[in-house]
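Tertiary structure, described
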Amino acid sequence: MALLTLKGIDKVYRQGELEVHALQSIDLTVEEGEFAALVGPSGSGKTTLLNIIGGLDSPSHGSIQLNSTEITTLKESQLSDFRLLELGFVFQAYNLVPVLSALENVELVMVLQGRHVGERRERAVHYLKLVGLEKVMHRRPSALSGGQQQRVAVARALAAEPRLVLADEPTANLDSENATALLDIMHKLSHEEKTTFIFSTHDVRVMERAERIITLRDGAIVSDENVERHQREHAV
Amino acid sequence: MKAQHSHLPFAILLMLAWRNIWRHRRRTLITLTSIAAGFALSVLMIGLGDGSHNSMIRNAIKLGEGHITVQPRGYLEAPANHKYLADGKVLQKKLDALNVAGSAESRITLQVLASTANNSVGAGLEGFDPEHDQRVAMLQPQLVDGEWLTTGDARGIVIGDGMASKLKAKIGSKVVLMAGKQGGDSQAQLARVRGIFDSKVDELDDYLILSDLALAQRFLEGEGADLAQVPLTRFAIFLDDPDSMAHWKAQVKSSLENDQVVVMDWEEMMPQLVQFVFVDDAGNYIFLVLILIMVVFGILNTVLMSVLERTREFGLLRALGLSRYQLLMLVFCESLLLSLLAVTIGWIAGGGTHWWFATHGIDMAALMGNGSTAMMGTFMDPVIYTELSSDRVVQLTGIIFIATLGSGIYPAIKASRVTPVEALRT
């Protein structure tokens, strides 16, 4: 069953008398457990699409259904709760609250979800172990490397049990080694936790690991390839 | 198990707020120090103001007619020698029966013309008990020549150095005291200068003539009074506890007041002093407001800067599911904690400053140059000690707390208006 369905999504920005069509008639369906990448040049609409799926921005037209909830009809406070309960976010940078330790950052969303202190502590420690950061869990972000901070963000996103994790250029500020390590973790957790991931990326390393590549150009989807099927069909 | 709505426990909110205010330790410390300094200055100013005012009031009451005065109805509006309490003996008994916590002094006040061979001047003759009256402790030490009065001395007077100078009188000089009578006649008594005082208050030194009750009562006898009934102009009641004035005034009023006799408190007797204190206080509060404005802008600057620096972080928090209200409360809690810290540190600094000056005082006589602290017909003690009542403590704490907390409202509202998508682009 489809987890996410987008139908006829348009996004128009008005700059004075000028209209900018950031997205044009986007139709997209994402199944549960997919590890999908939105790719395209700068300005193609990747981040805009991700923000709209995440309820951080609203479309000019169209419908978005996540797990049978029509996101476009939700009020602001409902959207806030929706993001809290259904979504996880990993941003390019500045993912963490500077005054909280890695452990507290992972617990934060679970605090907002109202989980019991024992449960959230247990889950936070578990996911920090999964991303290999159990030894630094009491450090604050300023004492962690860029790669470590991104891994904490991944742990936070997954610990809250979201249906969908949205990652906007998560490897953009990382070197090759850290980027590869992060992607491996996310790919592995995606399969283990059966969590759906949608990335926006320029990074070839991300594309190589994606099971589905959705290419955007000028706000429209120009190709949508299931990579495993593509590889099987083109195998020699 | 997840709740359906965003849930931020108060303990977590406070923890976040506390850690946020210490993110920029130096900036926070500078802000708190400036608030504490401003507050300490305010406490000193108000304390000094209250100390000097209370000193003036205490001295005015001692020099004047006490905390509560019993006198003829209509005397305050139009003083006259023929207005007196004819039955002082009866009133005294009623007063004694009340057991007032303090003392009640018998006094006579007359307008006279004092004359020597050299000059004549208008004067106020004050008859009182020269051994027990409250004025004794204040004026006897001010004698610069001669001796103090003795009880029953029907001729002796003590005058100020200003009066002595005008009359060209010295110790032992004869002075004729003349007063008009109600019928239009006049009466005169011969007096002799026993002592000369210098109180440093011109209104006393140039105008006041002190005598035993015996001399002053002769003038009342001339107005038709029966000396056996102990005629007086007033009873001046001095309370041990000034805060009990309202209570005792009510008691004395219900026992003594009638259509001939009125009971008044010092505020009614000395409205100009009350007004002076009010105006001076208002001046101090205007200064306090100016200090507060600087304090408020200091906090506003600190909190607003920290909000503007965290736009992206607020966008992140909103994206994760924090509601606008929770974000507003977070920033408001930061202001709340800053205010609490500011008030605490302010009171440590201000309280310490007050303690120092309450213990060591400020030498006002030296500051005022000529060594005199006289004003408004009374005087301040040469060394003023700051005073802070519990009402003032509550008032100052409330003002600073509300001002500092209020300065956090705008930054909190600004933070709550952050939209995630715009904030995350910064």
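Residues numbered from 1 in each chain as written. Chains lettered and ligands numbered in written order. Predicted model: local features only at pLDDT ≥ 70, side-chain atom pairs only at ≥ 80, totals over all residues.

**Structural notes on the overall build of chain A**
Short version of the rule: Helix numbering and strand numbering both begin at the N terminus, where a helix is a DSSP run of H or I of at least 4 residues and a strand a DSSP run of E of at least 2. Field definition: a residue is buried when 20 or more other C-beta atoms are found within 10 Å of its C-beta, exposed when 12 or fewer are, and partly exposed for counts in between, with C-beta atoms placed from the backbone. Contact criterion: two residues are in contact if their C-beta atoms, reconstructed from the backbone, are within 7 Å.
Scanning chain A from terminus to terminus reveals eight helices and 10 strands. Projected onto its principal axes, the C-alpha positions of chain A cover 50 × 50 × 35 Å. A total of 236 residues make up chain A; the buried ones form 46% of that total. When contacts within chain A are restricted to residue pairs at least 6 apart in sequence, those whose partners lie at least 24 apart make up 69%.

**Thoughts on the overall build of chain B**
So the rule is basically this: Every radius of gyration here is taken over C-alpha atoms, with the globule rule written as 2.2 Å times N^0.38, N being the number of residues.
A count of helices and strands for chain B gives 16 helices and 14 strands. Taking 2.2 N^0.38 as the reference for a compact globule, 426 residues should give roughly 22 Å; the C-alpha atoms of chain B span a radius of gyration of 32 Å, well beyond that estimate. By the burial criterion, 40% of the 426 residues in chain B qualify as buried. The long-range share in chain B, meaning contacts at least 24 apart out of those at least 6 apart in sequence, stands at 81%.

**Considering the interface of chain B and chain A**
Quick reminder of the rule: Polar here means any residue other than Ala, Val, Leu, Ile, Met, Phe, Trp, Tyr, Cys and Pro, which are nonpolar, and Asp, Glu, Lys and Arg, which are charged; Gly is therefore polar.
At the interface, 24 residues of chain B touch 22 residues of chain A. Broken down by secondary-structure element, the contributors of at least two residues to the side of chain B that touches chain A are helix 1 (10–21), helix 11 (311–320) and helix 16 (420–425) of chain B. Among the elements that line the side of chain B that touches chain A, the one with the most residues is helix 11 of chain B, at five residues. Looking at side-chain class alone, the side of chain B that touches chain A contains 12 nonpolar, seven polar and five charged residues.

**Brief notes about the pairing of strand 3 (residues 35–39) of chain A**
All names here are of chain A. Note the cut-off: Strands pair, by our definition, only if DSSP identifies at least two bridges between them.
Within strand 3, five of the five residues are buried, leaving the element largely enclosed by the surrounding structure. Burial of the side chains of strand 3 extends over both faces: Phe35, Ala37 and Val39 are buried on one face and Ala36 and Leu38 on the other. One ladder, built from four bridges, connects strand 3 with strand 9 (residues 212–217); its direction is parallel. When the sheet's bridge partners are listed, Ala36 is paired in strand 9 with Arg212.

**Some remarks on the domain arrangement of chain B**
Note the threshold: All domain edges in this entry derive from an automatic or database-based domain assignment.
Split by domain assignment, chain B resolves into domain 1 (10–60 + 274–425) and domain 2 (68–269). Each of domain 1 of chain B and domain 2 of chain B was reduced to a C-alpha centroid, and the two centroids are 49 Å apart.

**Observations concerning the packing of helix 10 (residues 271–309) of chain B against helix 14 (residues 390–406) of chain B**
Residue and element names in this part refer to chain B. Our working definition: A fitted line through C-alpha atoms serves as each axis, taken over the contacting stretch for helices, and the angle formed by two N-to-C directions is quoted from 0 to 180°. Left-handed is the label given to a crossing in which the near helix is rotated counterclockwise from the far helix by less than a right angle, and right-handed is the label when the rotation is clockwise.
Following both chains from N to C, one finds helix 10 and helix 14 inclined at 35 degrees, their axes separated by 9 Å at the closest point. Judged by the twist between their axes, the crossing of helix 10 over helix 14 is right-handed. Every residue of helix 14 that contacts helix 10 at Leu292, Val295, Val296 and Ile299 is listed here: Ile399, Ala403 and Thr404. For the contact of helix 10 with helix 14, the residue count by class is six nonpolar, one polar and no charged.

**A look at the nonpolar core**
To be explicit about the condition: A set of buried residues drawn from Ala, Val, Leu, Ile, Met, Phe, Trp, Tyr and Cys, joined through C-beta atoms within 7 Å, is what defines a nonpolar core.
Counting 108 residues, the largest nonpolar core has Ile198(A) and Leu320(B) as its most contacted members. At 10 residues, the largest contribution of residues to this core is made by helix 12 (residues 324–360) of chain B. Leu110(B), Val193(B), Phe235(B) and Ile237(B) belong to the second largest nonpolar core, which has 47 residues in total.

**A few points about unusual backbone geometry**
For residues other than glycine, phi is negative in most cases, and the peptide bonds are mostly trans. Not every positive phi belongs to a glycine, and Asp218(A) is a case in point at roughly 50 degrees. Overall, Asp218(A) belongs to the partly exposed group, with 14 C-beta atoms counted inside 10 Å. Positive phi outside glycine occurs at Lys200(B), with the angle close to 70 degrees. Examined against the element boundaries, Lys200(B) turns out to sit in the loop between strand 7 (186–197) and helix 6 (202–205).

**Remarks on the confidence of the model for chain A**
All names here are of chain A. Selection rule: One confidence number per residue, pLDDT, is output by the predictor and ranges from 0 to 100.
Residues of chain A with pLDDT of at least 70 account for 96%, and the chain-wide mean is 89. Taken element by element, chain A is modelled with least confidence in helix 8 (residues 227–233), mean pLDDT 54, and with most confidence in helix 3 (residues 102–112), mean pLDDT 95. This stretch, residues 232–236, has a pLDDT under 50; its non-local contacts, to residues over four places away or in other chains, come to zero contacts.

**Points about the sheet that holds strand 7 (residues 164–168) of chain A**
Residue and element names in this part refer to chain A. Pairing is mixed across the open sheet formed by six strands, whose spatial order is 6-7-8-3-9-10. Two strands bound the open sheet, and with one partner strand each, they are strand 6 (87–90) and strand 10 (220–226). Pairs of neighbouring strands in the sheet enclose a mean axial angle of 15 degrees, with direction left out of account. Sheet strands in contact with helix 5 (residues 146–159) are strand 6 and strand 7, and its direction is about 175 degrees off that of strand 6.

**Re the sheet that holds strand 4 (residues 61–66) of chain A**
Residues and elements named next belong to chain A. Pairing is antiparallel across the open sheet formed by four strands, whose spatial order is 2-1-4-5. Strands at the two margins of the open sheet, each flanked by one partner only, are strand 2 (18–31) and strand 5 (69–70). As defined by bridge partners, strand 1 (residues 2–15) adjoins strand 2 across 10 bridges and the pair is classed as antiparallel. Considered in strand 2, the bridge of Val12 is made with His21.

**As for the packing of helix 3 (residues 88–98) of chain B against helix 8 (residues 245–256) of chain B**
Residues and elements named next belong to chain B. Quick note on the threshold: Small angles under 35 degrees read as roughly parallel and large ones over 145 as roughly antiparallel, with 65 to 115 read as roughly perpendicular and the rest as oblique.
Closest axis-to-axis distance for the helix 3/helix 8 pair is 10 Å, and the angle between their directions is 140 degrees. As far as their axial angle goes, helix 8 and helix 3 are oblique. The element helix 3 and its partner helix 8 pack so that their crossing is right-handed. Contacts from Leu91, Lys94 and Leu98 in helix 3 reach Gln251, Val252, Ser255 and Leu256 in helix 8. The residue inventory of the contact of helix 3 with helix 8, partitioned by class, reads four nonpolar, two polar and one charged.

**A word on the environment of Val263(B)**
Residue and element names in this part refer to chain B. Here Val263 lies in strand 10 (residues 261–265). When the 22 C-beta atoms within 10 Å are taken as the criterion, Val263 is described as buried. Placed 128 residues apart in sequence, Val263 and Arg135 show a C-alpha to C-alpha distance of 21 Å. Other than its neighbours up to four places away in sequence, Val263 contacts Ile68, Val70, Lys249, Val252, Lys253, Leu256 and Glu257.

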